[in-house]
Amino acid sequence: MKSDFLFYPLFQEEINRLVQHPGRKEARYLVRIEKEVALPDPVLDLVLSCPVAEKFYYSAKDAPFELGGLGSALVIEAVSGGEVLDGFRRLWNRDETIPVFGGFAFDVEEEPAPEWRSFGRYRFTLPLVEIFRSPGGARIRVNHINNKRLPREHVLRELTDGLQSLDALPRLSPAAGQPVPAERTLIPEKPQWNRMIKKALRTIVEGDLKKIVLARKKVFTRKDRWDPVQIAAVLAGISEMSSLFFYQIEDGVAFLGRSPERLFRMQNGILLADAIAGTRTRGKNPFDDQRLEAELLNTPKELEEHRFVAGFIETRMHQLCADVQVESREEILKLKNVQHIITRYSGRSQQNFSPLAIAEAFHPTPAVGGFPQEEIRSCLRRYEPFQRGWYAAPIGWMNRKNADFSVGIRSALVNGKSLHIFAGAGIVLQSNAHAEWKETEKKMDNFAAILGEI
Ligand SMILES: C=C(O[C@H]1C=CC=C(C(=O)O)[C@@H]1O)C(=O)O
């Protein structure tokens with residue numbers, strides 16, 4: 001990982017030109033300068049190696065794009081989606097294609113728990129430096145918001161200072177590192193998990209809910225702070241069909257993961273969404289793997305779990321779109337540690353819904369909440385012994401009309417000396433507490449290399 005990229009020299013000429021043309025409109029609210037570049041390294045390397053406090057990265061699971069951000073030009077922290085859209089209204093009035101990165105909590109009605117406090121309920125960032133790479137090439141943009149209507153010279157000085165200070169930082173090189181010893185806490189412990197499942201099954205038998213996705217977490221605490229960059233580098237080394245997301249909002253505070261599940265992608269009016277549920281581990285050899293795949297596709301309990309999700313997504317797609325197509329039904333998605341049943345949908349968006357409104361309409365799908373959707377948040381608040389925060393919630397990027405959001409599973413929160421690793425499992429009538437515990441263990445295995453064991 002080298003990334004000796006220097007931002008200020010790259011934009012020096014443009015900044016000088018802006019100084020010489022004081023009449024140009026950009027300085028009124030938004031200064032945005034763009035450059036095509038021959039990027040020497042993957043965007044991820046650039047983002048990980050720059051030791052700036054706030055930074056993000058997103059690559060969608062099946063699109064050859066990388067989006068990265070360094071620093072922040074504008075951060076919107078809000079308690080509702082409407083407030084987020086208000087916060088970006090002026091930005092998108094200038095240019096509706098500008099992407100912002102972020103997400104919101106699983107349960108936005110809850111007061112965030114201490115470990116999630118800096119993420120809040122909704123949080124999106126317009127970065128100071130935005131890096132986008134596609135097979136056609138790479139572009140770097142710098143953004144500066146002048147919402148205080150400061151004089152132009154002042155704005156350009158701030159921009160220059162921002163870029164120069166990014167350049168002055170020594171680059172990090174996240175060495176693979178040895179597994180780190182840490183104290184482990186299970187929340188819940190196994191006996192409590194067994195009781196949670198029993199309670200969920202009772203609720204299902206009584207007929208109030210049909211499916212409940214219960215989650216657990218492992219918290220690893222060590223003497224020194226965890227390095228989110230090192231953990232992201234381990235996730236980046238995994239080769240599978242999943243999106244990689246990394247959102248560091250303060251030094252040593254980051255939410256990151258490798259999610260196989262797209263909540264939705266909206267591109268030029270086309271909406272894509274996945275239903276993923278039903279799980280088996282990977283086999284020890286190809287023959288064993290095939291056997292597990294056949295078992296997954298022929299087990300009524302797994303199919304039921306999957307169909308709650310697919311039915312829900314299909315209903316939402318019809319509410320939001322015309323021409324809803326099932327791109328593939330009940331196929332297998334093979335990941336490094338597990339395999340799932342996947343059904344894919346596409347449709348043509350009918351109305352002018354904002355991407356955030358679409359995210360709120362889908363979330364939480366029965367893959368991470370349960371069924372029916374309406375009852376599930378209050379039920380999980382009572383059943384789970386910790387707050388999910390941003391785990392299993394939408395995370396990604398959006399502009400005024402387009403977006404790509406993943407469901408924030410196979411994920412972890414790094415917060416100083418604590419590392420919280422999450423996983424959940426769908427509980428239906430035939431579920432068994434021990435099998436679901438083992439399944440969640442496997443779902444956490446992406447992080448095993450960091451810890452030596454989980
Ligand atoms: C809730 C999680 O996985 C969901 C996604 C795929 C399969 C699932 C399952 O089979 O239970 C879960 O619904 C998680 O990984 O934390």
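Let me begin by describing the structure that accompanies this report. (Residues numbered from 1 in each chain as written. Predicted model: local features only at pLDDT ≥ 70, side-chain atom pairs only at ≥ 80, totals over all residues.)

## Comments concerning the overall build of the protein
Filter applied, for reference: Labels follow the DSSP assignment, with helices taken as runs of H or I lasting at least four residues and strands as runs of E lasting at least two, numbered in each case from the N terminus. When we talk radius of gyration, it's over C-alpha atoms, and the globule rule is simply 2.2 Å times the number of residues to the 0.38. Counts of 20 or more other C-beta atoms within 10 Å of a residue's own C-beta define buried residues, counts of 12 or fewer define exposed ones, and intermediate counts define partly exposed ones; C-beta atoms are placed from the backbone. C-beta atoms are placed from the backbone for every residue, and two residues are taken to be in contact when these atoms lie within 7 Å.
Along its length, the protein carries 12 helices and 21 strands. Scaling as 2.2 N^0.38, a compact globule of 454 residues should have a C-alpha radius of gyration of about 22 Å, and the protein matches this with 22 Å. The proportion of buried residues among the 454 residues of the protein is 46%. By sequence separation, contacts in the protein at least 24 residues apart represent 74% of the contacts at least 6 residues apart.

## Side note on the nonpolar core
Quick reminder of the rule: Nonpolar cores are identified as sets of buried Ala, Val, Leu, Ile, Met, Phe, Trp, Tyr and Cys residues joined via C-beta atoms within 7 Å. Bear in mind that the domain bounds are from an automatic or database domain assignment.
Residues Tyr-247 and Leu-256 are the most contacted members of the largest nonpolar core, which totals 124 residues. With 7 residues, the single largest contributor to this core is helix α8 (residues 300–320). The two domains that each donate at least three residues to this core are domain 1 (7–168) and domain 2 (183–451). Here Tyr-247 is in contact with Phe-56, Phe-101, Gly-102, Ala-254, Phe-255, Leu-256 and Ile-395, once residues within four sequence places are set aside.

## Focus on the site of the ligand
Counted only if it meets this: As a rule, any residue with its backbone-derived C-beta atom within 6 Å of a molecule or strand is reported as near that molecule or strand. Side-chain classes follow a simple rule in which Ala, Val, Leu, Ile, Met, Phe, Trp, Tyr, Cys and Pro form the nonpolar group, Asp, Glu, Lys and Arg form the charged group, and the remainder, Gly included, forms the polar group.
What surrounds the ligand is a group of 18 residues, the closest being Thr-279, Ala-367, Ile-409, Gly-424 and Gly-426. When residues of the shell around the ligand are traced back to their parent elements, those giving at least two are β14 (270–281) and β21 (418–427). Split by residue class, the shell around the ligand holds 9 nonpolar, 5 polar and 4 charged.

## Looking at helix α9 (residues 355–362)
Going by this rule: The arc in question is the one traced by the directions running from the helix axis out to the C-beta atoms.
Every buried residue of α9 is accounted for by Pro-355, Leu-356, Ile-358, Ala-359 and Phe-362. Down the axis, α9 shows its buried residues gathered within 160 degrees of arc, on one side only. Among the structural elements, α3 (81–94), β13 (262–267), β14, α8, β18 (394–398) and β19 (403–407) are those in contact with the buried residues of α9.

## A word on helix α5 (residues 190–206)
Convention followed: Here the expected length of a helix is defined as 1.5 Å per residue gap, with one fewer gap than residues.
End to end, α5 covers 24 Å across 17 residues, agreeing with the expected 24 Å (1.5 Å per residue, within 8%). Looking only at α5, the buried set comprises Trp-193, Met-196, Ile-197, Ala-200 and Ile-204. Each buried residue of α5 lies within a common arc of 95 degrees when the element is viewed along its axis, so the set occupies one face. Facing away from the buried side of α5, by more than 90 degrees, are the exposed residues Pro-191, Lys-198, Arg-202, Val-205 and Glu-206. Of the surrounding elements, those touching the buried residues of α5 are β10 (211–221), α10 (373–383), β21 and α11 (433–443).

## Focus: the environment of Arg-90
Structurally, Arg-90 can be placed in helix α3. Taking the C-alpha atoms as reference, Arg-90 lies 28 Å from Phe-255; in sequence the two are 165 residues apart.

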